[in-house]
Amino acid sequence: MKSRIYLIISLVVIFMVAVCIGYYMIKPKVTLPYYGGDSENSMQHIIKDFSLTDQRGLTITKDSIKGKIVVADFFFTTCHTICPVMTTQMQRVYQQYYNDSSICFVSYTVDPDYDTPEILAEYAKNKNANAGKWYFLTGDKKLIYDLARNAFFVSATEGDGGEDDFVHTQNFALLDQSMHIRGYYDGTDSLSINKMISDIKILME
């Protein structure tokens, strides 16, 4: 009698495992779209190379973050409007993935004349942001503005990065491990950032 019960239990377990495996195999895989300047070639668009300085005074290039999932934004330390909200939302995501080496965070200053590595280091310290995990980058203004407009496409304004030019955007960009843009999010909207957190999980899978 006992052997028959064990047989029935075993068959039920096997059946349940088979159902789970079958569901996993036929379940549609969720993927994220690709973004770029030309929608027809967005899969080919990757972030161009750059050379900037982080809060430690170290040179950071595209290769420094390639191979990781990247959350990027453009801000400046003296901003009193959208930037504090953006930084708070970035902190929320940063804290969730603090111990995950497969993801990093990059904040490009749009006021590099004021935001020196020393200023950025103090700002990062106040936000409990560890260097090497959350990069605060400064450097050539023309390069940073070109990245914002023509690499990340987070700003639709025109300009050349000159003295009177200014970029101010709340957009976050999500990059995959190959530096493709896979999502845009409103850094002042917690619901939009919730969506980004879900999309990060998709990239990690």
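Residues numbered from 1 in each chain as written. Predicted model: local features only at pLDDT ≥ 70, side-chain atom pairs only at ≥ 80, totals over all residues. Heavy atoms only, no water.

Novice: Where do I start with helix H3 (residues 82-96) in this structure?
Specialist: Working note: α-helix, 3.6 residues per turn, so residues spaced by three or four point in the same direction. Spanning 15 residues, H3 covers 22 Å between terminal C-alpha atoms, matching the ideal 21 Å at 1.5 Å per step. Taken together, the buried positions of H3 are Cys 83, Met 86, Thr 87, Gln 89, Met 90, Gln 91, Val 93 and Tyr 94. In the core, the buried residues of H3 are packed alongside strand S3 (69-75), strand S4 (103-109), helix H4 (117-126), strand S5 (134-137), strand S6 (171-175) and helix H6 (190-204). (Helix = DSSP H or I, 4+ residues; strand = E, 2+ residues; numbered from the N terminus. Expected span 1.5 Å × (residues − 1). Buried < 20%, exposed > 50% of the residue type's maximum accessible area, 1.4 Å probe, protein only. Contact = heavy atoms within 4.5 Å.)

Novice: Could you clarify how one ought to interpret the environment of Leu 32 in this entry?
Specialist: Checked against the element boundaries, Leu 32 lands in the loop between helix H1 (2-26) and strand S1 (51-53). Classification of Leu 32 as buried rests on a relative accessible area of 7%. The spacing of Leu 32 and Leu 203 is 171 residues in sequence and 7.9 Å in space, taken between C-alpha atoms. Leu 32 has contacts with Leu 174, Arg 182, Asp 199, Ile 202 and Leu 203, leaving out every residue within four places of it along the chain.

Novice: Could you clarify how one ought to interpret the pattern of salt bridges in this entry?
Specialist: As a working rule, side chains carrying opposite charge can pair if their charged atoms are close by. For the structure on display, the rule yields five salt bridges. Of the charged contacts in the structure, one is a salt bridge between Arg 149 and Asp 165, with a shortest N-O distance of 2.7 Å. Pair noted here: Arg 149 is in helix H5 (residues 141-150) and Asp 165 is in the loop between H5 and S6, with a separation of 16 residues, a long-range link. Arg 149 gets classed as buried once you look at its relative accessible area, which sits at 7%. One salt bridge in this structure joins Lys 195 and Asp 199, with 2.8 Å as the shortest N-O distance. Separated by four residues within a single helix, Lys 195 and Asp 199 lie in helix H6, roughly one turn from each other. With relative accessibility at 46%, the residue Lys 195 sits in the partly exposed group. (Salt bridge = Lys/Arg side-chain N within 4 Å of Asp/Glu carboxyl O.)

Distances and angles like these do not, on their own, reveal function.
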